[in-house]
Structure formats: C-alpha cells, structure tokens
Amino acid sequence: MQINVSQLLKEPIGSSRNYEVSDIVDVTGDGSGRKVQGEVRLLRTHRGVLVKGELHAEVELTCSRCLSLFNFPVAINFEEEYLPTIDVVSGAPLPSPEEPSSFIIDEHHVIDLTEAIRQYTLLTMPMKPLCRQDCAGLYPDCGHNLNQGPCDCPTPAIDSRWSEISKLL
Ligand SMILES: [Zn+2]
Ligand SMILES: [Zn+2]
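Residues numbered from 1 in each chain as written. Chains lettered and ligands numbered in written order. Predicted model: local features only at pLDDT ≥ 70, side-chain atom pairs only at ≥ 80, totals over all residues. Heavy atoms only, no water.

Engineer: It is not clear to me how the coordination of the zinc ion (ligand 1) should be interpreted in this structure. Could you clarify?
Structural biologist: Put simply, a metal with four donors set out as a tetrahedron has ideal angles of 109.5 degrees, and one with six donors set out as an octahedron has ideal angles of 90 or 180 degrees. All of the protein donors around the zinc ion (ligand 1) are Cys 63 (SG), Cys 66 (SG), Cys 131 (SG) and Cys 135 (SG); their distances to the metal are 2.2 to 2.3 Å. In terms of primary sequence, the donors binding the zinc ion (ligand 1) are separated according to C-x2-C-x64-C-x3-C. On the criterion of sequence distance, the pair formed by Cys 63 in the loop between β4 (49-62) and β5 (69-84) and Cys 131 in the loop between α2 (114-124) and α3 (160-168) is long-range, its members being 68 residues apart. Overall, the relative accessible area of 1% leaves Cys 63 in the buried class. (Donors = N, O, S within 2.8 Å, 3.2 Å for Na, K, Ca; no water. Helix = DSSP H or I, 4+ residues; strand = E, 2+ residues; numbered from the N terminus. Buried < 20%, exposed > 50% of the residue type's maximum accessible area, 1.4 Å probe, protein only.)

Engineer: Please explain the coordination of the zinc ion (ligand 2) as it appears in this structure.
Structural biologist: Only Cys 142 (SG), Cys 151 (SG) and Cys 153 (SG) from the protein reach the zinc ion (ligand 2) as donors, at distances of 2.1 to 2.3 Å. Between the donor residues of the zinc ion (ligand 2), the gaps in sequence give the motif C-x8-C-x1-C. On the basis of relative accessibility, which here comes to 19%, the residue Cys 151 falls in the buried class.

Engineer: Explain the sheet that holds β5 here, please?
Structural biologist: Read from one edge of the open sheet, five strands run β2-β3-β4-β5-β6, paired in mixed fashion. Pairing within the sheet leaves two strands with one partner each, and these edge strands are β2 (16-25) and β6 (103-105). Along the sheet, successive strands turn relative to each other by an average axial angle of 30°, direction set aside. Of the strand pairs in this sheet, β5 and β6 are connected by three bridges, and their pairing is parallel. In the strand pairing of β6, Pro 84 is matched with Ile 105. On the sheet, α2 packs against β2, β3 (34-44), β4, β5 and β6 and is oriented at approximately 130° with respect to β5. (Pairing = 2+ DSSP bridges. Axes fitted to C-alpha atoms, helices over the stretch in contact; angles between N-to-C directions. Contact = heavy atoms within 4.5 Å.)

Here you go:
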C-alpha cells in the first residue's frame, strides 16, 4: 500500500489529504495477502508527513483451544510521522533521521504503509486466539473437536479418592 506525497511535501505545513484505500497487503508477513481497507489521512508537518491510518482487515488465526483456523477481524489504527530522505524541491539527500526506527518517505517521495500495517496488526493480535468465546476445545485423549459434538470416548471416571470423600459426606 503506497502513496506518493511529492505534491503534499511542497505544500505548507498543515496541508492535508484524505484517501480511501483498499489494497491487498501481506499483513502477517507469511506471504499471504489480505485485503486491507479504510481511510488514510496525511498531514504535512514541519519534518515530514504525519500519517493517520484507520484501516481494517481480516487475518487467519489458529484457535488456541481447538486448533482450527478462523478469520479474525482486526482494526489497524496508527499514527506515524514519515520523514523524507530527499529534499522534494532540490533533490538533495537529507540526513537520515536520528531515530533508527523512523518510518521514511523513499527517494521517489512514496510512503509505503506495509510495515506500519504489519506492526500495528501484530499489536492487535490476541495472545490466546479463540474461534469463539465458548469454544469447547479438543477432547484431550483423542483430539476430537468438541465443537462438533461429543466423541465416543467413555466419560472419565470420577477420581476414586474424591468418590470416597463424597461417600463420607
Ligand atoms: Zn476453537
Ligand atoms: Zn474421544
């Protein structure tokens, strides 16, 4: 997902642009493209261009309980300042930004949003993804997916020590 900002860089500080975007982006870095859609707002700052993205996509996750794959909607909201590497008027190279992690505008005055989309998608990923809140998981002995109903395994016997105690009660 790329946006050319050469015009915006020539405009006064405070100039802005809004874009509706829709593109296929490899959001998880696994080589599979996902459709990313939403709105991108660009604001000319004194150093570069502030990018505010309000995007959404669907990623494929593995359920931490039943191990099935499911589609998970992610909201990708970010605000990052992109700094130029070339002076847009003179074409002279600019000193590289002090912060090594800075997002940059490339030598053709193009902003590539892919890296920001990846980083912010990662931040929104759940630690323990669930295909649904009440996912029943797998039966431990046979690995049957209990979301598809019970399996044929015998019901586990109640631990004998507990049954002795319940007799006493
Ligand atoms: Zn599940
Ligand atoms: Zn079973």
